[in-house]
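Remarks on the overall topology
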Amino acid sequence: AYVNGVFVAADADGAVVPLEDRGHLFGDGVYEVVRVYGGRPFLLAWHLERLAHSLAAIGLANPHSDAEWTSLIEQAVAQSGAAEATVYWQVTRGTAPRAHTFPDVQPAVTMVVRPWTAPPAPRAATLLCLPDERWANAWVKSINLLPNVIAKENARRAGADEALLVRSGAITEGAASNLFVVHQGVLYTHPANRYILAGITRRFVLGLAHDLGIPVREVAWPLAELAAADEVFLTGTTTEVLAVDRILAYEADLPSLHQLGEERPRGLVGRDGPLVTL
Ligand code: PLP
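Here the structure is a predicted model, which means the values were calculated and not measured.

Taking 1.5 Å of rise per residue, 12 residues should cover 16 Å, and helix α4 (residues 146–157) covers 16 Å from first to last C-alpha, within 8% of that figure. All of the buried residues in α4 are Pro147, Asn148, Ala151, Lys152, Asn154 and Ala155. What you see down the axis of α4 is that its buried residues fit within an arc of 160°, all on one side. Positive backbone phi, approximately 85°, marks Gly159, located one or two places after α4.

Our next topic: the site of the ligand. Every one of the 13 residues lining the ligand counts as a neighbour, but Leu197, Gly199, Ile200, Thr201 and Thr237 are closest to it. Looking at the shell around the ligand, the elements with two or more residues in it are α5 (200–212) and β14 (231–236). If you tally residues by element for the shell around the ligand, the top one is α5, at 3 residues. Classifying every residue of the shell around the ligand gives 3 nonpolar, 8 polar and 2 charged.

Turning our eyes to something else, we now look at the sheet that holds strand β4 (residues 40–41). With antiparallel pairing, 6 strands are arranged side by side in an open sheet as β2-β1-β6-β5-β3-β4. In this open sheet, the two strands that pair with only one neighbour each are β2 (6–7) and β4. Judged from the 2 bridges that link them, strand β1 (residues 2–3) and strand β6 (residues 108–115) form a sheet pairing that is antiparallel. Counterpart to Val3 in the pairing with β6 is Thr110. Running over the sheet, helix α2 (residues 44–57) touches β3 (29–37), β4 and β5 (85–92) and is turned about 175° from β3.

The next thing to look at is unusual backbone geometry. Positive phi outside glycine occurs at Leu43, with the angle close to 60°. For Leu43, the position within the fold is in the loop between β4 and α2. Exposure remark for Leu43: the 16 C-beta atoms within 10 Å place this residue in the partly exposed category. Phi angles above zero are rare outside glycine, and Ser168 is one such case at about 50°. Mapping Ser168 onto the fold places it in the loop between β8 (162–167) and β9 (170–174). On the basis of neighbour count, Ser168 is assigned to the exposed category, with 11 C-beta atoms found within 10 Å.

The rules behind these values
- Residues numbered from 1 in each chain as written.
- Predicted model: local features only at pLDDT ≥ 70, side-chain atom pairs only at ≥ 80, totals over all residues.
- Helix = DSSP H or I, 4+ residues; strand = E, 2+ residues; numbered from the N terminus.
- Expected span 1.5 Å × (residues − 1).
- Buried ≥ 20, exposed ≤ 12 C-beta atoms within 10 Å, placed from the backbone.
- Arc of directions from axis to C-beta.
- Near = placed C-beta within 6 Å.
- Nonpolar A, V, L, I, M, F, W, Y, C, P; charged D, E, K, R; others polar.
- Pairing = 2+ DSSP bridges.
- Contact = placed C-beta atoms within 7 Å.
- Axes fitted to C-alpha atoms, helices over the stretch in contact; angles between N-to-C directions.

Given below as structure tokens:
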């Protein structure tokens, strides 16, 4: 791990966050996750580009140049000794007595490298549709992930692998992934506007589609038309590209937050079983 200029073991005494770090107090920070394949961070330049956008969005000066970030990440990976890994790093607004307005302090940078163990076997995912209850700046890779955490937990409790978030009748993305629909030879995915995180893997897949001459439309796919999809898949840094074979319904009038307290989320899985079986 890396904590404000020092490399330490992730579980070492020194690898701690100060009590008044604004990430800890307010979720006042942004993050990135990159996958390391064969010792090399994949698509790091795109992650650094997105990090710069996220930092600018929350009014936080980028503490490092891209060259410095690259060097820090490469050093962290080398020190971990892991060739297959993920690197999680975040920048918070720093440590200061609790007050909502921005303090005049240095941002805090922390990083953790974790060895990556591949999931058991290639498989297809089950999704659970849920209302997209996030703020309207989902394009910022903010460390405020409470709605995503709750959606994913509701999905897990319903026996699904990922939540499929729905805003105003249209599918935005997963709780931690982007969604693609294949329909009559055309690839559809939500436009990279404020309502989704513009995934690096999404960008990579769109590039592959372009190279292969596969037509792409960046428009939101309506929930009501999911059954018409020929294929559905997810993309993400750790998800990679994952086929979807089952999508469970939710009842639109049920708020999702309070359901966490229940033994099994009442009404989350459609009364009539899966909405779509692909
Ligand atoms: N959407 C959300 C909400 C995410 O949290 C993530 C990744 O964590 C993604 C999409 C996929 O983005 P990427 O491909 O950059 O990992």
